[in-house]
Amino acid sequence: MRIDILTILPRLLDGPFADSILERAQQRGLCEIHLHNIRDYSTDKHKGVDDYQFGGGAGMVMMIQPIADCIDTLRGQRNYDEVIYLTPDGSRLGQHMCNELSLKANLILVCGHYKGIDQRLRDHYVTREISIGDYVLSGGELAAAVLTDSIVRLIPGVMNDETSALTDSFQDDLLAPPVYTRPADYKGWKVPEVLTSGNARRIEEWRMEQAILKTQERRPDLLSNT
Ligand code: 6GU
């Protein structure tokens, strides 16, 4: 998978992809993440990327030209499955969308700032608009980092234990059950007996029961999804 991220603040995204699972995914050749500074594509004499909005009002709008030229350049090099615009008014990201996007080959992510990007980009270039939740961030970069992490970790071979993505919270519309490690007794706080029983069937049943209980208690909305 290849992900191209368009941003006016590429440094904001240097950190998130340089460590851990995202670093390993790139080292293993399972994904490539390319950052593009939108300003580099500005044909404006001052390298401007934003301007006042038509009709007046506070807040700048990101101009169509630099972003359109950057996308055109990339599209001239390969086919893209989606051009995704990260925006609080997009469809809300969930595990099902992550699963779907993890099967794509080439994605463009566009990060907005200020009042957002010129609507004509959304009408003519963007194929999908995604929000990562009902709150407002100061720009799309952190949302792009969240989206990238959530999909890259699902690419086969990225996670060391191939089955562990399957037992994540949300993967089956259930929250994950409690987990424990050594010691089995810490200052009298004991690990549930079933987990040390060695009885695989009982352990599986206990985990499922705990997942359902936790989901009923914390996120009953997930149970009514199906
Ligand atoms: Cl994708 N962008 C911004 N700026 N804020 C957000 C968001 C995206 N998703 C939730 N809040």
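Before reading on, note that the structure itself is shown above.
Here the structure is a predicted model, which is why all the values come from computation and not from measurement.

Caption draft 1: Fine view of a nonpolar patch on the surface. Taken together, the side chains of Leu9, Leu12, Tyr135, Leu137 and Leu142 make up a nonpolar region of the molecular surface, amounting to roughly 430 Å² of accessible area. The residue Leu9 is located in the loop between β1 (2-7) and α1 (20-27) in this model. Overall, Leu9 belongs to the partly exposed group, its relative accessible area being 36%.

Caption draft 2: Here's a closer look at the sheet that holds strand β2 (residues 32-37). In space, the 5 strands of this open sheet follow the order β2-β1-β6-β5-β7, with parallel pairing throughout. In the strand order of this sheet, the two ends are held by β2 and β7 (128-131), each with one partner. This sheet shows a mean twist of 30° between the axes of neighbouring strands, independent of strand direction. Here strand β5 (residues 82-92) runs beside β7; their pairing, made up of 5 bridges, is parallel. Across the sheet, residue Leu86 finds its bridge partner in β7, namely Ile130.

Caption draft 3: Quick peek at the nonpolar core. Counting residues in hydrophobic clusters, the biggest one holds 31 residues, and the most contacted among them are Ile5, Leu109, Ile130, Leu147, Ile151 and Val152. Elements supplying a minimum of two residues to this core: β1, α1, β5, α3 (95-101), β6 (106-111) and α5 (141-152). Tallying contributions element by element places α5 first for this core, with 6 residues. In terms of nonpolar packing, the next biggest core, distinct from the first, is built from 19 residues, Leu6, Ile8, Ile71 and Tyr80 among them.

Scoring rules and cut-offs
- Residues numbered from 1 in each chain as written.
- Predicted model: local features only at pLDDT ≥ 70, side-chain atom pairs only at ≥ 80, totals over all residues.
- Heavy atoms only, no water.
- Patch = residues over 30% accessible without salt bridge, like charges linked within 9 Å, V, L, I, M, F, W, Y side chains within 5 Å.
- Areas by Shrake-Rupley, 256 points an atom, 1.4 Å probe, with all protein chains shown as cover.
- Salt bridge = Lys/Arg side-chain N within 4 Å of Asp/Glu carboxyl O.
- Helix = DSSP H or I, 4+ residues; strand = E, 2+ residues; numbered from the N terminus.
- Buried < 20%, exposed > 50% of the residue type's maximum accessible area, 1.4 Å probe, protein only.
- Pairing = 2+ DSSP bridges.
- Axes fitted to C-alpha atoms, helices over the stretch in contact; angles between N-to-C directions.
- Core = buried A, V, L, I, M, F, W, Y, C linked by side-chain atoms within 4.5 Å.

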